[in-house]
Amino acid sequence: MSERVAVIGVGWSGYRPVSPELSYKELMYEAAVKAYADAGVDPRTEVDSFVSVAEDFIEGTSIFDEYVPDQLGAALKPVHTIPGDGLHGLATGVMLVKTGQAHVVAVEAHSKASNVLSLPEITAYAQDPVLNRPLKLNSEFIAGLEMHRYMHETGTSLEQCAAVAVKNKRNALNNPLAAYGANWILDDALNGPQLAWPLIKSQASDHADGAIVVVLASETRAKVLSDRPVWVLGAGWCNGAPSLESREWGTVPYITKAADMAYRQAGIDNPKEAIKFAEVDDTYAYKELMHLEALGLCGRGEAGSLTEEGMTKTDGKLPVNASGGSLGMGHLLDASGMSRALEVVLQLRGNAGDRQLAEVDIGLAQSWRGVPTTSGAVVILAN
Amino acid sequence: MGMRKVAVVGAGMTRFVRRALETPKELAWQATRMALNSCEMTLDDIDAVCMGTAPDAFDSVHMKGEYLSDGAGAWGKPYMRSYVGGGTGVFAPIQGWYHVASGMFDTCLVVCEEKMSSYFPHAQAAFNTIFDHTTERALLPNLLWIFALEMNRYMNAYGISKEDIARVAVKNKRNAADHPCALLGDPDITVDDVLNSELLAWPVNRLDVSPVSDGAVTIVLAAEEVAKRITDKPIWIQGVGWSLDTAYWANRDLAYPTYVEYAARMAYEMAGVKEPRKEINIVEPYDPFDYKECHHLEGLQLADKGGAPQLVADGVTLRTGNMPVCPSGGLLGVGNPIAAAGLMKVAELFWQLRGEAGARQVPGQPKRGLAQAWGDLMQVGTVVIMGTEPGGEVAR
Amino acid sequence: MTSKIKNFPGTPLSESDFTEGKVLSIHDEMRPQFAWDTGIGIGSYLAALKEGYLLGSHCKTCEKTVIPPRTVCEWCFDPMDSYVRLEDTGTINTFSLCYVTWDVQRITEPELPAVIEIDGASPLHGILHKLGEVKPEDIHIGMKVQAVWKPAEEREGAITDILYFKPIKEAGS
């Protein structure tokens, strides 16, 4: 109990708009082999427990955890699935280690979004089956409603949202993992087809395929196995109102609660000072702004102007989504949060190549499960 | 450093019915409210919520865990759903256990809900999608196939007869006659009734199978120091174990559930149980089909390989026998709302070990019980061991 | 405290509650669509089925030949890159006579699912398929069977390129 937990290995496959040469199992295997090699562990003898994150309707398979163990080296081992985001999976791994019953845990998340031909319809089936779904609205109307109310309450402008998209698309150009990097100017992010006014398509992320595996270890094991462990200082998660009828549209209190939980574990009183860089959810450009405010990394209504002023650029005071985020890397469905934790680990280790941030020692990754959910998680990592 | 001890302090359940008026959220709420009332707690006392529910395909609700969250009392709380197919009902309490044992939370709700009746015309069709989409689904398999294939292999390997196995269904449906929530309790059922029921998929007859149902079960978990404030009869989680075998189910021997053995050994080690046949007083193994109870008793090391049917024939597994098995009535008798049915077994141990099981009470003041579930492609075992004393070994 | 509780929540409905309109319900049909990438292992398997043979893969470390082929051995976690052409004959490991279809329609002539251990693969390594050209009462565990293929021009690279497995006449029978 309460032993510290470290990330001792990471591996990934992708990210690409399509990946026809690999089955989902082979995609996961590629990420797993890299992660175990990075951690220096044999999954058959040295990993005590395995966690995967997946949702049945995304996989097109009921009880998807059936198809998880083989390619992770987890057959006849403790394996379970969390139908949540990758950061929920990481938090689960942290809990397993903290019980003292598991010492090394592998956590996997993946996306084969290209294989889902009817993703909007499947997302519609996450709406309330009686109250909302019969209206037959594309689920992105929910993002439109939220974006409008957020802009109304905070005075955030469409241009400020566009600045997020431009920054993230450009950041992605320096990230070899990113599938959607582009040398955009503001006009690129302000024009194009509408999705659900005021949300336009250029401010919404496109999907990508990929897989990520992270190996966690107890402090005792980490010190033996790794010469550069990255410590999990805190992990928090929270659900808000699931129904559209009872949620607050202009704020995301569940992200604030998740962050408070993580900050409390990490002993952080002043996140603006403590957090050196952040990878936050930007499924839609406005969400990055909303999330930065909910995380307490800037004041309410300030994120838009601070973004315009360059605070969140890679050379700014608080680099946000140096990876390119979901807008630049591609949205990895429930692996999205995991791709952000991976980026934080690479940055902290100094392995981020052309996008390496200078002198960072503590970073934050945050996820949101997308419309129509009010579900998110926060992980804080440090050298 | 010693492991943080975790206790069950409250439990609640709905009736298991063929088709419930209540929505999935309402079923979850009813069981949760009853569980909180049973230990005089409110949602304000709850730090986190864990959800167990089986395939989204039953409800055709994508991200069903998110949909159920407010019914489960998770609004504004840390909330996660865990998932191992049919094993989920006994995995969710393991998930609750690690929430509390990790030191992250002092109290945790574990809610399992299932509404199988929404699927039209029959929930079984949803099971087609559990098979491999490329190599198996095109053969149009149904869930009965894999049970029938496994049962036939088991009978053939050990020379077990249909009569031997039918006795399990008789015992459990009779036991269920004493359960106020049961769908299929029957005090007068006979072996002939089972053998003469409609043949579905030889060797499986209709009464060899548990019925699809709607229902929900909730338990409340608390850390040691909190549990002792809430109740003077906490029931301790002494050991947990789980194991998932390869997805290539046609590449293994179906006569023996190795994954159940591995899960059980993990739980026994944690609970400090060295001789399970002497130290486990009540068993609630997973019995969606009658032969599975035998199969699982063997995997749990509570019977020799091929020897479980003899224990049933000898009356050892009766409620009044030396090793009562499924005193609740099990899935065969109480019903099988998948995840809720697994958690019902854990709730049954809670009531039995507290001496509160009424007409179902096992005599002799049992000290320790084991609940087990199974799922996926004959692939996963989940085990929880509970007792009246904290027990358990210190962490490695 | 169950023994003290007399009234449990949960309200059962009957079919007439719906037919008589006492309870309202919403009918909806979900039509999710997928196109799963088959990748290297299963892609090779499907290509072989189209050609009219069964393909396995071999793990040099575990000395096992498995079917369907896969790119990683689940037991040693080494890559499996050696493919083996297997026989289209095998032995019934277990079988059932199933009187309900996948969507629970009653049928009078049973479907005959079986696990068939494939000749050339390691012991106990089989696939799920169906039996045909056999009376249900004649089927037994251990029976030798052979694949019956669709005509070459109708094969599309799917498990249904094999129609079913039929018994092989055993010597002296």
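Computed from a predicted model, the values in this text were never measured in an experiment.

1. Examining the overall build of chain C
Thinking step 1. Along chain C, the regular secondary structure elements total two helices and ten strands.
Thinking step 2. Start at the N end of chain C and walk to the C end: the helices and strands fall as α-α-β-β-β-β-β-β-β-β-β-β.
Thinking step 3. Taken over the C-alpha trace, chain C has a radius of gyration of 23 Å; the compact-globule value for 173 residues is 16 Å, which it surpasses by more than 25%.
Thinking step 4. With the C-alpha coordinates of chain C rotated into their principal frame, the extents come out at 60 × 45 × 45 Å.

2. Points about the overall build of chain A
Thinking step 1. Each helix and strand counted, chain A has 16 helices and eleven strands in total.
Thinking step 2. Taking 21 Å as the expected radius of gyration for a compact globule of 383 residues, we find that chain A reaches 19 Å, a close match to that expectation.
Thinking step 3. Seen along its three principal axes, the alpha-carbon backbone of chain A occupies a region of about 55 × 45 × 40 Å.
Thinking step 4. Burial statistics for chain A: of 383 residues in total, 68% are counted as buried.
Thinking step 5. Once local pairs closer than 6 in sequence are excluded, the contacts in chain A between residues at least 24 apart make up 77%.

3. Some points on the interface of chain A and chain B
Thinking step 1. Between chain A and chain B, the contact holds 50 residues from the first and 53 residues from the second.
Thinking step 2. Looking at the side of chain A that touches chain B, the elements with two or more residues in it are helix 3 (56-59), helix 4 (69-72), strand 3 (79-82), helix 5 (86-98), helix 6 (119-124), strand 8 (230-239) and helix 11 (253-266) of chain A.
Thinking step 3. Here the side of chain A that touches chain B gets five residues from one element, more than from any other, and that element is helix 5 of chain A.
Thinking step 4. Residues of the side of chain A that touches chain B, tallied by class, amount to 23 nonpolar, 18 polar and nine charged.

4. Re the environment of Val94 of chain A
Thinking step 1. Along the chain, Val94 of chain A falls in helix 5.
Thinking step 2. The residues touching Val94 of chain A, leaving out its near neighbours within four places in the chain, are Val5, Leu216, Val232 and Ala235 of chain A.

5. Examining the pairing of strand 7 (residues 113-118) of chain C
All names here are of chain C.
Thinking step 1. Within strand 7, six of the six residues are buried, which leaves it mostly tucked inside the rest of the structure.
Thinking step 2. Residues Pro113, Val115 and Glu117 of strand 7 are buried on one face, and the alternating residues Ala114, Ile116 and Ile118, pointing to the opposite face, are buried as well.
Thinking step 3. With five bridges connecting them, strand 4 (residues 89-95) and strand 7 associate as antiparallel partners. Each bridged residue has a counterpart across the sheet, and for Ile92 the counterpart in strand 7 is Ile116.
Thinking step 4. Sheet analysis places strand 7 next to strand 8 (residues 126-130), joined by five bridges and oriented antiparallel. Its bridge partner being in strand 8, Glu117 is matched across the sheet by Gly126.

6. Quick word on the sheet that holds strand 7 of chain C
Thinking step 1. In space, the five strands of this open sheet follow the order 8-7-4-9-10 (chain C), with antiparallel pairing throughout. Each edge of the open sheet carries a strand with a single partner, namely strand 8 and strand 10 (162-167) of chain C. Taking the axes of each pair of neighbouring strands and ignoring which way they run, one obtains an average angle of 45° across the sheet.
Thinking step 2. Across five bridges, strand 9 (residues 144-149) of chain C lies against strand 10 of chain C in antiparallel orientation. Bridge pairing in strand 10 of chain C places Gln146 of chain C opposite Lys166 of chain C.
Thinking step 3. Sitting on the sheet, helix 4 (residues 143-158) of chain B is in contact with strand 4 and strand 7 of chain C, with an inclination near 95° to strand 4 of chain C.

7. Structural notes on helix 7 (residues 140-154) of chain A
Residue and element names in this part refer to chain A.
Thinking step 1. Spanning 15 residues, helix 7 covers 21 Å between terminal C-alpha atoms, matching the ideal 21 Å at 1.5 Å per step.
Thinking step 2. Tucked into the core, helix 7 has its buried residues touching strand 5 (194-196), strand 6 (199-200) and helix 13 (285-294).
Thinking step 3. Two residues or fewer after helix 7 comes Gly155, characterised by a positive phi angle close to 75°.

8. Focus: the packing of helix 3 (residues 88-101) of chain B against helix 13 (residues 338-353) of chain B
Residue and element names in this part refer to chain B.
Thinking step 1. At a minimum axis distance of 6 Å, the contact between helix 3 and helix 13 shows a crossing angle of 60°. Here helix 13 runs oblique to helix 3, going by the angle between their axes. Counting all contacts with helix 3, which are made through Thr88, Gly89, Val90, Ala92 and Pro93, the residues of helix 13 involved are Ile338, Ala339, Ala340, Ala341, Gly342, Leu343, Lys345 and Val346.

9. Topic: the domain arrangement of chain A
Residue and element names in this part refer to chain A.
Thinking step 1. Taken as a whole, chain A is organised into domain 1 (5-118 + 209-230) and domain 2 (128-207 + 233-382).
Thinking step 2. Each of domain 1 and domain 2 has a C-alpha centre, and the two are 23 Å apart.
Thinking step 3. Each partner contributes residues to the interface: domain 1 has 30 residues there, and domain 2 has 27 residues.
Thinking step 4. Those elements that provide at least two residues to the side of domain 1 that touches domain 2 are strand 1 (5-16), helix 5, strand 4 (104-112) and strand 7 (209-218).
Thinking step 5. Counting residues per element, the side of domain 1 that touches domain 2 draws most heavily on helix 5, at seven residues.

10. A closer look at the interface of chain A and chain C
Thinking step 1. On the chain C side, the residues contacting the 28 residues of chain A number 22 residues.
Thinking step 2. For the side of chain A that touches chain C, the secondary structure elements donating two or more residues are helix 1 (24-39), helix 2 (43-46), helix 4 and helix 6 of chain A.
Thinking step 3. Among the residues forming the side of chain A that touches chain C, the class breakdown is 14 nonpolar, seven polar and seven charged.

11. Regarding the nonpolar core
Thinking step 1. Core analysis: the biggest nonpolar cluster contains 336 residues, and Val214, Val379 and Leu381 of chain A have the highest contact counts within it.
Thinking step 2. A total of twelve residues in this core trace back to one element, the largest contributor, which is helix 13 of chain B.
Thinking step 3. Both domain 1 (5-118 + 209-230) and domain 2 (128-207 + 233-382) of chain A contribute no fewer than three residues apiece to this core.

12. So, unusual backbone geometry
Thinking step 1. Between Gly14 of chain A and the following residue, Tyr15 of chain A, the backbone shows a cis peptide bond with an omega angle of 10°.
Thinking step 2. Among the structural elements, Tyr15 of chain A can be located in strand 1.
Thinking step 3. Put simply, Val371 of chain A and Pro372 of chain A share a cis peptide bond, and its omega is 0°.
Thinking step 4. Structurally, Pro372 of chain A is set in the loop between strand 10 (362-368) and strand 11 (375-382).
Thinking step 5. We note that Met63 of chain B has phi near 55°; this positive angle belongs to a residue other than glycine.

13. Some words on the pairing of strand 6 (residues 106-111) of chain C
Residue and element names in this part refer to chain C.
Thinking step 1. Where strand 5 (residues 97-100) and strand 6 come together, two bridges link them in antiparallel fashion. Residue pairing for strand 6: Val100 is matched across the bridge by Arg106.
Thinking step 2. Linking two consecutive strands that pair antiparallel, namely strand 5 and strand 6, is a turn of five residues; a positive phi of about 65° is found at Val104 within it.

14. Considerations on the sheet that holds strand 1 of chain A
Two pairing modes exist for strands in a sheet, parallel and antiparallel, and in both the strands are linked by backbone hydrogen bonds.
Residue and element names in this part refer to chain A.
Thinking step 1. Spatially, the nine strands line up as an open sheet ordered 3-2-4-7-1-8-11-10-9, and their pairing is mixed. Looking at strand neighbours, the two that pair on one side only are strand 3 and strand 9 (277-279), the edges of this open sheet. Adjacent strand axes in the sheet meet at a mean angle of 25°, parallel and antiparallel pairs treated alike.
Thinking step 2. Direction of pairing for strand 1 relative to strand 7: antiparallel, over a ladder of ten bridges. Across the sheet, the residue bridging to Val5 is Ser218, located in strand 7.

15. Side note on the confidence of the model for chain C
Thinking step 1. The predicted model of chain C averages 94 in pLDDT, with 97% of residues at 70 or higher.
Thinking step 2. Across the interfaces of the predicted complex, the ipTM metric reaches 0.97, alongside a pTM of 0.97.

16. Comments concerning the environment of Val240 of chain B
All names here are of chain B.
Thinking step 1. Take Val240: it is sitting in strand 8 (residues 235-244).
Thinking step 2. Measuring from C-alpha to C-alpha, the distance between Val240 and Ile230 comes to 23 Å, with ten residues separating the pair along the chain.
Thinking step 3. Here Val240 is in contact with Ile94, Trp97, Ala267, Met270, Val383 and Val384, once residues within four sequence places are set aside.

17. Comments concerning helix 13 of chain A
Thinking step 1. Where burial is concerned, most of helix 13 of chain A is hidden: ten out of the ten residues are buried.
Thinking step 2. In the core, the buried residues of helix 13 of chain A are packed alongside helix 7, helix 8 (158-172), helix 11, helix 14 (303-308), helix 15 (325-329) and strand 10 of chain A.

18. Focus: the packing of helix 5 (residues 162-176) of chain B against helix 10 (residues 290-299) of chain B
All names here are of chain B.
Thinking step 1. Packing of helix 5 against helix 10 brings their axes to within 7 Å, and their N-to-C directions diverge by 100°. In terms of axis orientation, helix 5 runs roughly perpendicular to helix 10. Of the residues in helix 10, those touching helix 5 at Ile165, Ala166, Val168 and Ala169 are Asp290, Tyr291, Glu293 and Cys294.
Thinking step 2. Tallied by class, residues from the contact of helix 5 with helix 10 come to six nonpolar, no polar and two charged.

Conventions adopted
Residues numbered from 1 in each chain as written. Chains lettered and ligands numbered in written order. Predicted model: local features only at pLDDT ≥ 70, side-chain atom pairs only at ≥ 80, totals over all residues. Helix = DSSP H or I, 4+ residues; strand = E, 2+ residues; numbered from the N terminus. Rg over C-alpha atoms; globule rule 2.2 N^0.38 Å. Buried ≥ 20, exposed ≤ 12 C-beta atoms within 10 Å, placed from the backbone. Contact = placed C-beta atoms within 7 Å. Nonpolar A, V, L, I, M, F, W, Y, C, P; charged D, E, K, R; others polar. Pairing = 2+ DSSP bridges. Axes fitted to C-alpha atoms, helices over the stretch in contact; angles between N-to-C directions. Expected span 1.5 Å × (residues − 1). Parallel < 35°, antiparallel > 145°, perpendicular 65-115°, else oblique. Domains from an automatic or database assignment. Core = buried A, V, L, I, M, F, W, Y, C linked by C-beta atoms within 7 Å. pLDDT = per-residue confidence, 0-100.

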